[in-house]
Every structure is written in C-alpha cells, then in structure tokens.
Amino acid sequence: ISWLWECRFALGKISLLTGDGGVGKSMLTCDMAARISRGICFPDGSSCPIGDVFFIAGEDGAEDTIRPRLDAAGADVVRVHLIRGPIPKGEKYASQIDLSLHTGKLDRLLERYPDSKLLIVDPIMDYLGPATNSDKATDVRRVLSQLRSLAERHQVAIAAMNHLNKQGRGLALLRTE
C-alpha cells in the first residue's frame, strides 16, 4: 500500500471518515488539503506529498465555509479545487454530481491534474445518485467500485465523509449510515 498519510489515508483507496456532525470532519479535510497543497508535514510529523486536492461538497458553502477554512490553514488555493456538477442545457445552475453517472468526467479531470493526491466527497451519501438505493449494499457497492477504480487508476486517496445515524447509542461502526 502506498500512503498519502501513513496508516491513515492510502493512495488508490477509499477511506470512510465517519462521525457525528460538528466534530471536525470537514475541518480535518480542509487541514489535509492545505498541507497537501503546500507539501507541509502532517500533524504527526510524517511527510506529506505536494499535490492537488479536489472537493465535492454540498453541505458546506465554498465561499463562506470551505475557502475561509483553507485560508486559515494556509492552503495554496491554486492547488485546491471545488468540483461542481454539469450545467444542463438552458439552465443557469449546475446539477448535483451523481457518482453513478459522472465517474468518467472525474477521470478526465484527474487526467488533467497528474499531481492529484486527494478527492474529498462530503458527504458520500449525497452523491450516490437518485437511482442508488442507499439501503441496498449491492447498489452502494456498484457506485463505490467505480470510485475505487478511479482512485486506483490515478493513485489518489478518496476521503468519503459520512454521518452517524441519529440513534446516538452503540458503537460508531454500527451507526454508520
């Protein structure tokens, strides 16, 4: 295994980053993006390769949340990119990214950025596509296998953000939605 961040985030793999809302998952990914954009060591002192980082993020606003966090973390924002969905013909606004349909477009994007190191999807469940039943493991695996192939092909780490269910009891591993 080749590591982006030793024993935490592997290149060519999908890592699930799960937790309750408001505990710092997005802050962690912004900090990682800043470090990767400048090649600054990770908090544990391990080396960090310099490269490009991509966000697919629907919960946090780019201008009022993600960018200020990146600025505060000292990111080279030229190397940090927000991916938006396609703009349908005749429309003003981009549609949501559907990972079940848009993996080919992500593949072409990563080809244009050969120094890509990290793709953050926040939250992953929002981008599986309307035809994907998130309660059916086979549906979710179908989409994630495409994403895994993309990660392997480009040797990019994927941080898939996820929330815990609202039950609030039991092991976090068993509360993953």
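Residues numbered from 1 in each chain as written. Predicted model: local features only at pLDDT ≥ 70, side-chain atom pairs only at ≥ 80, totals over all residues. Heavy atoms only, no water.

**Topic: the pairing of strand β7 (residues 157-163)**
Next up, step 1: The buried count for β7 comes to six of seven residues, which makes it a mostly enclosed element.
Next up, step 2: Pairing analysis gives six bridges linking strand β3 (residues 14-19) to β7, with the strands arranged parallel. Bridged to I14 within β7 is I158.
Next up, step 3: The sheet contact formed by strand β6 (residues 116-122) and β7 spans four bridges and is parallel. Its bridge partner lying in β7, I120 is registered against A159. (Buried < 20%, exposed > 50% of the residue type's maximum accessible area, 1.4 Å probe, protein only. Helix = DSSP H or I, 4+ residues; strand = E, 2+ residues; numbered from the N terminus. Pairing = 2+ DSSP bridges.)

**Quick look at the nonpolar core**
Next up, step 1: Ranked by size, the top nonpolar core spans 24 residues in total, and within it L4, F55, L70 and L118 carry the most contacts.
Next up, step 2: If you list the elements that add at least two residues to this core, you get β1 (3-5), α1 (25-38), β4 (52-57), α2 (62-72), β6 and β7.
Next up, step 3: Considering every element that reaches this core, the biggest residue donor is α1, with five residues.
Next up, step 4: The contact partners of L70, leaving out residues within four places of it in the chain, are C30, A33, A34, F55, A75, V77 and V80.
Next up, step 5: Among the nonpolar cores identified, the runner-up in size contains 21 residues, and L109, L147, A151 and A160 belong to it. (Core = buried A, V, L, I, M, F, W, Y, C linked by side-chain atoms within 4.5 Å. Contact = heavy atoms within 4.5 Å.)

**Remarks on the confidence of the model for the protein**
Low-pLDDT portions of the prediction should not be read for the details of their coordinates.
Next up, step 1: Overall, the predicted model of the protein reaches an average pLDDT of 90, with 93% of residues at or above 70.
Next up, step 2: Summarising per-element confidence for the protein, the mean pLDDT is lowest in α2 (91) and highest in strand β2 (residues 9-10) (98).
Next up, step 3: Here residues 171-175 scores under 50 on pLDDT; set against residues more than four positions off or in separate chains, the count is nine contacts. (pLDDT = per-residue confidence, 0-100.)

**As for α2**
Next up, step 1: Of the residues making up α2, those classed as buried are A62, T65, I66 and L70. Each buried residue of α2 lies within a common arc of 120° when the element is viewed along its axis, so the set occupies one face. Among the exposed residues of α2, those pointing more than 90 degrees away from its buried face are E63, D64 and A72.
Next up, step 2: In the core, the buried residues of α2 are packed alongside α1, β4 and β5 (80-82). (Arc of directions from axis to C-beta.)

**Some points on the side chain of H81**
Next up, step 1: Looking at where H81 falls in the secondary structure, it is placed in strand β5.
Next up, step 2: Relative accessible area serves as the criterion here: at 16%, H81 is assigned to the buried category.
Next up, step 3: Contacts of H81, omitting those with residues within four sequence positions, involve D52, V53, F54, F55 and Y113.

**Regarding the sheet that holds β6**
Next up, step 1: On the basis of which strands lie adjacent, the open sheet formed by five strands has the order β3-β7-β6-β4-β5 and parallel pairing. Edge positions in the sheet fall to β3 and β5, since each has one partner strand and no second. Neighbour-to-neighbour, the strand axes of the sheet open up by a mean angle of 20°, direction not taken into account.
Next up, step 2: Along the sheet, helix α4 (residues 137-154) makes contact with β3, β6 and β7, crossing β3 at roughly 120°. (Axes fitted to C-alpha atoms, helices over the stretch in contact; angles between N-to-C directions.)

**Description of the packing of helix α3 (residues 103-112) against α4**
The description of two helices packed together rests on the angle between their axes and the distance between the axes.
Next up, step 1: At a closest axis distance of 10 Å, the pairing of α3 and α4 adopts a crossing angle of 15°. Judged by the angle between their axes, α3 and α4 are roughly parallel. Judged by the sense of rotation from one axis to the other, the crossing of α3 with α4 is right-handed. On the side of α3, the interface is formed by T103, L106, D107, L110 and E111, while α4 contributes Q146, L150, R153 and H154.
Next up, step 2: Across the contact of α3 with α4, the residue classes tally to three nonpolar, three polar and three charged. (Parallel < 35°, antiparallel > 145°, perpendicular 65-115°, else oblique. Left-handed = near helix turned anticlockwise from the far one by under 90°. Nonpolar A, V, L, I, M, F, W, Y, C, P; charged D, E, K, R; others polar.)

**Things to note about the pattern of salt bridges**
Next up, step 1: This structure, assessed with the given rule, holds eight salt bridges.
Next up, step 2: In this structure, the salt-bridge partner of D107 is R153, at a minimum N-O distance of 2.7 Å. Remark: R153 occurs in helix α4 and D107 occurs in helix α3; sequence separation between them is 46 residues.
Next up, step 3: Judged by its relative accessible area of 17%, D107 falls in the buried class. (Salt bridge = Lys/Arg side-chain N within 4 Å of Asp/Glu carboxyl O.)

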